[in-house]
Amino acid sequence: MLIIQDLKKKYAKSPRPALDGINLTVEKGEFIAVLGLSGAGKSTLIRCINQLVLPTSGEILWHDQPVLGKRGKALRAYRRQVGMIFQNFNLIDRLSVLQNVLAGRFGTTPMWRVLLQQYTREDLQIAEEALLRVGMVEFKRVRADQLSGGQRQRVAIARALAQKPELILGDEPISNLDPVTAVDVMELLKSINEKEGITMILNLHSVEIAVQYANRIIGIANGQVVYDGSPEGLSETVLAQIYKPDRKVDPAVTTKAIKLLSRI
Ligand SMILES: Nc1ncnc2c1ncn2[C@@H]1O[C@H](COP(=O)(O)OP(=O)(O)OP(=O)(O)O)[C@@H](O)[C@H]1O
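What you are looking at is a predicted structure, and each value in this text was computed from that prediction instead of being measured.

Below, the discussion takes up the pairing of strand β9 (residues 216-221). The element β9 is largely enclosed, with a buried count of five among its six residues. In the sheet, β9 pairs with strand β10 (residues 224-229) via five bridges, with the strands oriented antiparallel. Across the sheet, residue Gly 219 finds its bridge partner in β10, namely Tyr 227. Where β9 folds back onto β10 in an antiparallel hairpin, the turn is made up of two residues, including Asn 222, whose phi is positive at roughly 50°.

Ordered by their spatial adjacency, four strands build an open sheet running β2-β1-β4-β5, and the pairing between neighbours is antiparallel. Both outer strands of the open sheet, β2 (19-26) and β5 (65-66), are each paired with one neighbouring strand and no more. Pairing between strand β4 (residues 57-62) and β5: two bridges, direction antiparallel. If you follow Leu 61 over to β5, its bridge partner there is Pro 66. Sitting on the sheet, helix α1 (residues 42-49) touches β1 (2-9), β2 and β4, and the angle it makes with β2 is about 60°.

Lining the immediate environment of the ligand, one finds Tyr 11, Lys 13, Ser 14, Ala 18, Gly 36, Ser 38, Gly 39, Ala 40, Gly 41, Lys 42, Ser 43 and Thr 44. Considering each element in turn, the shell around the ligand owes the most residues, three residues, to α1. Looking at the shell around the ligand residue by residue, the classes come out as three nonpolar, seven polar and two charged.

This part is about the confidence of the model for the protein chain. Across the protein chain, the average pLDDT comes to 91, with 88% of residues at or above 70. On the interface metric, ipTM, the complex scores 0.97, and its pTM is 0.91.

One open sheet holds the six strands; their spatial order is β6-β7-β8-β3-β9-β10, and the pairing between them is mixed. Each end of this open sheet is capped by a strand with a single partner; those strands are β6 (82-86) and β10. Neighbouring strand axes in the sheet, compared pairwise and without regard to direction, differ in orientation by 15° on average.

In this model, Gln 51 sits at a positive phi of 70°, which is unusual for a non-glycine residue. Along the chain, Gln 51 falls in the loop between α1 and β4. Note on Gln 51: 18 C-beta atoms within 10 Å, which makes it partly exposed. A positive phi angle, close to 50°, is found at His 63, a residue other than glycine. Looking at the secondary structure, you find His 63 in the loop between β4 and β5.

What counts, and where the lines are drawn
Residues numbered from 1 in each chain as written. Predicted model: local features only at pLDDT ≥ 70, side-chain atom pairs only at ≥ 80, totals over all residues. Buried ≥ 20, exposed ≤ 12 C-beta atoms within 10 Å, placed from the backbone. Helix = DSSP H or I, 4+ residues; strand = E, 2+ residues; numbered from the N terminus. Pairing = 2+ DSSP bridges. Contact = placed C-beta atoms within 7 Å. Axes fitted to C-alpha atoms, helices over the stretch in contact; angles between N-to-C directions. Near = placed C-beta within 6 Å. Nonpolar A, V, L, I, M, F, W, Y, C, P; charged D, E, K, R; others polar. pLDDT = per-residue confidence, 0-100.

See the structure below:
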């Protein structure tokens, strides 16, 4: 469903490319965890997929159609098929839970339709179904800023679901959550992946969580894919390739981290 070909991204003020020739093929129904050191390029990759960041070169194909260069209506149509969840949830605090989820129905069209309650009965039904799916329907009238982190991420997932996406991208979706809530959110995402067949690509910082939930791991180092395979294949050598020492990290710290990681 998604093919990434020789994708490169060089930010104007950055000396090194953030992405340096990424090639990936993603099939429907996969649950992919992207691992890598801070600065490896994970966020840039996720953001290039939904065009929040424009790559410098390469190609992205969605159902065999080129994504790069899409503008306006065509870009909105593509983005509706690709839901996104973020580390900081990206909810609008002053709006209710339901209004936040309804925002997902409009993709990138103006917020005034939500604010003026210009949505259809069908939009409302889909939004409520999404809230029911994530266990938050009884909070629909509550303002988003009244919720806990875990509840906010559930609402963000419902907002993504209300788009009726084929793919959900997650940029460190559990980084701001305590370990129990993080597992709770991962269980929800896994269940959505298995029951609704929605493909997941999530950047994760926890190798342990990635191994537990993903059926494919993509390891990135210095903007390149250094591992693409099963969780079982994450040997100490592979972990060293992903989290290898580089200029920014003290080699002793990295070695210690790899030893800790390889115990899982
Ligand atoms: N807007 C930007 N402008 C300039 N350089 C950037 C920008 N965003 C990211 N970078 C650089 O691109 C590289 C990759 O960053 P990216 O955020 O994709 O990494 P990451 O693996 O997601 O890291 P983290 O886990 O810390 O979020 C880093 O060197 C970073 O400094």
